[in-house]
Amino acid sequence: MARAWVYGDNIDTDALAPGHTLVMPLDEMASHCLEALDPTFAGEVKPGDVFVAGENMGMGSAREVAPSALKHLGVSVVLAKSFARIFYRNAFNVGLPVFFFPQADEIHMGDDLIVDILTGKVHNLTTDKTYHVTPLPPHLAGIIRDGGLIPHLKKKLIKQ
Amino acid sequence: MALTLVQKILARAAGRDSVSPGDIVTAQVDLLMAHDSSGPRRWMPHLEALGAPLKDPNKIVIVTDHFVPAVDPQSAAILKTTRDFVKSQGIQHFYDMQGISHIVLPEHGFLKPGMFVCGGDSHSPTGGAFGCYIAGFGYTDMVAIAVTGETWVQVPETIRVNWSGAFGAGVAAKDVMLFLCRELGMDNSFKVVEFGGDMVRAMDMAERMVLTNMAAELGCDTGLIEPDETTLIHIKAHGGAVDGDALSWRSDAGAPYTALHHFDASALEPHVAAPHSPANSAPVTEHSGQSVDQCYIGACTGAKLSDLHMVAEVLKGRCVSPQTRLLVAPASTKTTAAAAADGTLEILTAAGAILLPTGCGACAGMGAGVLADGEICIASINRNFKGRMGHANSQVYLASPYTVAASALAGRIADPRDVL
Ligand code: SF4
């Protein structure tokens, strides 16, 4: 069971990893995650929680520390109506699974969710509704299975 | 089968006859670009974990632009890491404090039509003005590309935007993009935008690069402009080699565009995007009178020589209002040198503009010129997300260099058509 943190459209990477934090170690940077939008988020999000957003999640810069900050804070999966391309790739690369989730509006802040990333089943315990997301394409599922792009690539390089 | 330009480039890079939107292909990478923020300091731990060498250091261009010049021990350490890495890896193409990466690449003739290029920065699409595919990637992707020489790509759909007619006074490419962010929205992932029409053909490369730069704000994977003589002349003048078939990199007649738009440049007004989104744009008259604490000319979007010329056109013989300040951070050292040589800098400084070092500066909220709590700025940069240029409670309006300069004279947002 995990808590849903629900935000709107166009959550940008400056909000997830503000420019002034880019010199900081990840630990310190993550404590500023989303501070301009919701100053309580970084302090209260718990390991396993689910981040839910609307359209164009992660728009903005190429900074990979944006999904890294979410993962570092314990976010287990991101559900959004749509994603900015670079954020989408970066999330998988750091081992954070993200899914296209058109019904994001039906999830509310604080709902209890169970997300099974293997089967793609999302169960909202608060509303008792169940959803099925499109499973990950094989090249991305492989990256998540190995815990991110670097361990995935290392495995490949060793095989060669 | 008729193909769009991006399909042709990806088919070539993937070693196929043709590709269709939605296909996932593995593309061979012709060139990589990384800067001090997303480059070596982030690559090194990954490279160590992989224990693998760079596949081809000659295909890598490294630029320092985000943390230059160093302002504290942390930024100095990031720059030192970058310099040490370049030396130890034998990377020849290194541009240290020479300008913003997206401007430095074409200044040195690196980009040419048909290339498949990966950049470690979201405004990499700037280079698409040269008819190549160049998109932004995070640093883990970049490390994997540096080691393997390839990456996966989902073939994007193409939005075609045609502009005809000519701009009125005080209107520039930046206004086109602020208008398009509102019209097309910022959620165009897994699509590219291709700009064309006689207005785009009439533009020089500097103006075309403003269009492709802000393809990033449209949320597009990249922006592209089909090459023509203007493109080839620019590449050759900057030391690049041009292949005989360079002009064949264009979309076929009847190519499958996912959307096709036509706009009339002569009807376009100077635009301003209010906080906190580039899509929050309207004709300048809607915001005229808004007071501004700072006016900023900078970034890969709005501080090239042609941008400084626009500022000079407005400022010549006039003075910046004591109610505000005008900061200018030229996009490259070549820009500064050219602006010094042709008298532009003299006009700017005589009007009271304050010259800052070349680099990303305040655009990324970390260099000289960041904003305090509650301050309001009008800037020629490309994005104005909350907290972008400094304090989380500062506000940024986006506009063309003409409009920023006119606002500097008035101390409040002003219409450049009134002073030109
Ligand atoms: S100038 Fe601004 S937008 Fe351009 S690369 Fe630098 S930080 Fe990014």
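Residues numbered from 1 in each chain as written. Chains lettered and ligands numbered in written order. Predicted model: local features only at pLDDT ≥ 70, side-chain atom pairs only at ≥ 80, totals over all residues. Heavy atoms only, no water.

1. Some details on the overall build of chain B
Okay, so step 1: What chain B contains, in helices and strands, is 14 helices and 18 strands.
Okay, so step 2: For chain B, whose C-alpha radius of gyration is 21 Å, the value lies close to the compact-globule estimate of 22 Å for 420 residues.
Okay, so step 3: Seen through its principal axes, chain B has C-alpha atoms that stretch 60 × 55 × 40 Å.
Okay, so step 4: When burial is assessed residue by residue, chain B has 64% of its 420 residues classed as buried.
Okay, so step 5: Taking all contacts inside chain B whose residues are at least 6 apart in sequence as the whole, residues at least 24 apart take part in 76%.
Okay, so step 6: Measuring between centres, the 29 positive side-chain charges of chain B sit 3 Å from its 42 negative side-chain charges. (Helix = DSSP H or I, 4+ residues; strand = E, 2+ residues; numbered from the N terminus. Rg over C-alpha atoms; globule rule 2.2 N^0.38 Å. Buried < 20%, exposed > 50% of the residue type's maximum accessible area, 1.4 Å probe, protein only. Contact = heavy atoms within 4.5 Å. Lys, Arg positive; Asp, Glu negative; His and termini not counted. Charge placed at Lys NZ, Arg CZ, Asp CG, Glu CD.)

2. Observations concerning the packing of helix 7 (residues 149-159) of chain A against helix 2 (residues 40-50) of chain B
Okay, so step 1: In contact at an axis separation of 9 Å, helix 7 of chain A and helix 2 of chain B are set at 35° when each is read in the N-to-C sense. Judged by the twist between their axes, the crossing of helix 7 of chain A over helix 2 of chain B is right-handed. Of helix 2 of chain B, the residues touching helix 7 of chain A (which contributes A:I150, A:L153, A:K154 and A:L157) are B:H46, B:A49 and B:L50.
Okay, so step 2: Taken together, the residues of the contact of helix 7 of chain A with helix 2 of chain B break down into 5 nonpolar, 1 polar and 1 charged. (Axes fitted to C-alpha atoms, helices over the stretch in contact; angles between N-to-C directions. Left-handed = near helix turned anticlockwise from the far one by under 90°. Nonpolar A, V, L, I, M, F, W, Y, C, P; charged D, E, K, R; others polar.)

3. So, the domain arrangement of chain B
Residues and elements named next belong to chain B.
Okay, so step 1: Domain parsing of chain B yields domain 1 (5-264) and domain 2 (272-418).
Okay, so step 2: Of the residues lining the interface, 34 residues belong to domain 1; the matching set on domain 2 comes to 38 residues.
Okay, so step 3: Carbon and sulfur atoms make up 64% of the area that domain 1 and domain 2 hide from each other, which totals about 2,800 Å².
Okay, so step 4: Our count for the domain 1 to domain 2 interface comes out at 1 salt bridge.
Okay, so step 5: R383 is paired through a salt bridge with E217; the nearest N and O atoms lie 2.9 Å apart.
Okay, so step 6: Here domain 1 is connected to domain 2 by 14 residue pairs in polar contact (both at pLDDT 80 or more).
Okay, so step 7: Residue assignment for the side of domain 1 that touches domain 2 shows that the elements contributing at least two residues are helix 4 (101-107), helix 6 (173-184) and helix 8 (205-213). (Domains from an automatic or database assignment. Buried area = accessible area lost by both parts, 1.4 Å probe. Salt bridge = Lys/Arg side-chain N within 4 Å of Asp/Glu carboxyl O. Polar contact = N/O pair within 3.5 Å; in protein donor to acceptor, adjacent residues only side chain to side chain.)

4. Here's the deal with the interface of chain A and chain B
Okay, so step 1: With 35 residues of chain A at the contact, the number on the chain B side is 42 residues.
Okay, so step 2: In total, about 3,200 Å² of surface goes out of reach between chain A and chain B, with carbon and sulfur atoms giving 60% of it.
Okay, so step 3: Of all residues in chain A, A:R85, A:R89 and A:I150 give up the largest surface area on contact with chain B, accounting jointly for 23% of the area buried on that side.
Okay, so step 4: Here chain A and chain B share 2 salt bridges between them.
Okay, so step 5: Residue A:D14 pairs with B:R388 through a salt bridge whose shortest N-O separation is 3.2 Å.
Okay, so step 6: Here chain A is connected to chain B by 18 residue pairs in polar contact (both at pLDDT 80 or more).
Okay, so step 7: The element contributing the most residues to the side of chain A that touches chain B is helix 5 (residues 85-93) of chain A, with 6 residues.

5. Let's talk about the sheet that holds strand 3 (residues 77-80) of chain A
Residues and elements named next belong to chain A.
Okay, so step 1: If you trace the 7 strands from one edge of the open sheet to the other, you get 4-3-2-1-5-6-7, paired in mixed fashion. Where the open sheet ends on each side, the last strands, each with one partner, are strand 4 (98-100) and strand 7 (129-132). Each neighbouring strand pair of the sheet contributes to a mean axis angle of 30°, computed without reference to strand direction.
Okay, so step 2: Bridge analysis of strand 2 (residues 50-53) against strand 3 gives 4 bridges, and the strand direction is parallel. Residue pairing for strand 3: A53 is matched across the bridge by A80. (Pairing = 2+ DSSP bridges.)

6. Notes on the packing of helix 4 (residues 65-72) of chain A against helix 5 of chain A
Residues and elements named next belong to chain A.
Okay, so step 1: Close contact between helix 4 and helix 5 brings their axes to 8 Å; oriented N to C, the two are set at 45°. Judged by the angle between their axes, helix 4 and helix 5 are oblique. Viewed along their axes, helix 4 and helix 5 form a crossing whose handedness is right-handed. Along its contact with helix 4, which presents A66, P67 and L70, the element helix 5 presents F87, N90 and A91. (Parallel < 35°, antiparallel > 145°, perpendicular 65-115°, else oblique.)

7. Comments concerning the state of the cysteines
Okay, so step 1: Under the counting rule described, the total for this entry stands at 0 disulfides over all chains.
Okay, so step 2: Between B:C319, a free cysteine, and B:C295, which holds the nearest cysteine sulfur, the sulfur-to-sulfur gap is 14 Å. (Disulfide = S-S within 2.5 Å.)

8. Some thoughts on the nonpolar core
Okay, so step 1: Core analysis: the biggest nonpolar cluster contains 108 residues, and A:F41, A:F51, A:M57, A:L70, A:F87, B:W43 and B:F116 have the highest contact counts within it.
Okay, so step 2: Per element, the largest residue contribution to this core is 7 residues, and it comes from helix 5 (residues 139-148) of chain B.
Okay, so step 3: Residues from two domains meet in this core; each of domain 1 (5-264) and domain 2 (272-418) of chain B gives at least three.
Okay, so step 4: Setting aside residues up to four positions removed in sequence, B:W43 forms contacts with B:L32, B:A34, B:S38, B:L54, B:I60, B:F85, B:Y139, B:M142, B:V143 and B:A146.
Okay, so step 5: Within the second largest apolar cluster, 99 residues are counted, among which are B:V176, B:L218, B:L327 and B:A379. (Core = buried A, V, L, I, M, F, W, Y, C linked by side-chain atoms within 4.5 Å.)

9. Things to note about the sheet that holds strand 8 (residues 157-164) of chain B
All names here are of chain B.
Okay, so step 1: A sheet is described by the order of its strands in space; here 4 strands give the open sequence 10-9-8-11, paired in parallel fashion. Every interior strand has two partners, whereas the edge strands, strand 10 (222-225) and strand 11 (259-264), have only one. Strand-to-strand twist in this sheet, taken as the mean axis angle between neighbours without regard to direction, amounts to 25°.
Okay, so step 2: Two elements, strand 8 and strand 11, share 6 bridges in a ladder whose sense is parallel. Bridging across to strand 11, I159 finds its partner in A259.
Okay, so step 3: Contacts from helix 1 (residues 5-13) reach strand 8, strand 9 (191-196) and strand 10 within the one sheet, and its direction differs from that of strand 10 by about 105°.

10. What about the pairing of strand 8 of chain B?
Along any regular strand the residues' side chains alternate between the sheet's two faces.
All names here are of chain B.
Okay, so step 1: Burial of strand 8 is extensive: 6 of the 8 residues sit out of reach of the surface.
Okay, so step 2: The pairing of strand 8 with strand 9 spans 6 bridges and is classified as parallel. The residue of strand 9 that forms the bridge with R160 is E194.
Okay, so step 3: In the classification by handedness, the crossover that spans strand 8, the intervening helix 6 and the parallel strand 9 is right-handed. (Right-handed = clockwise from strand over helix to strand, strands pointing away.)

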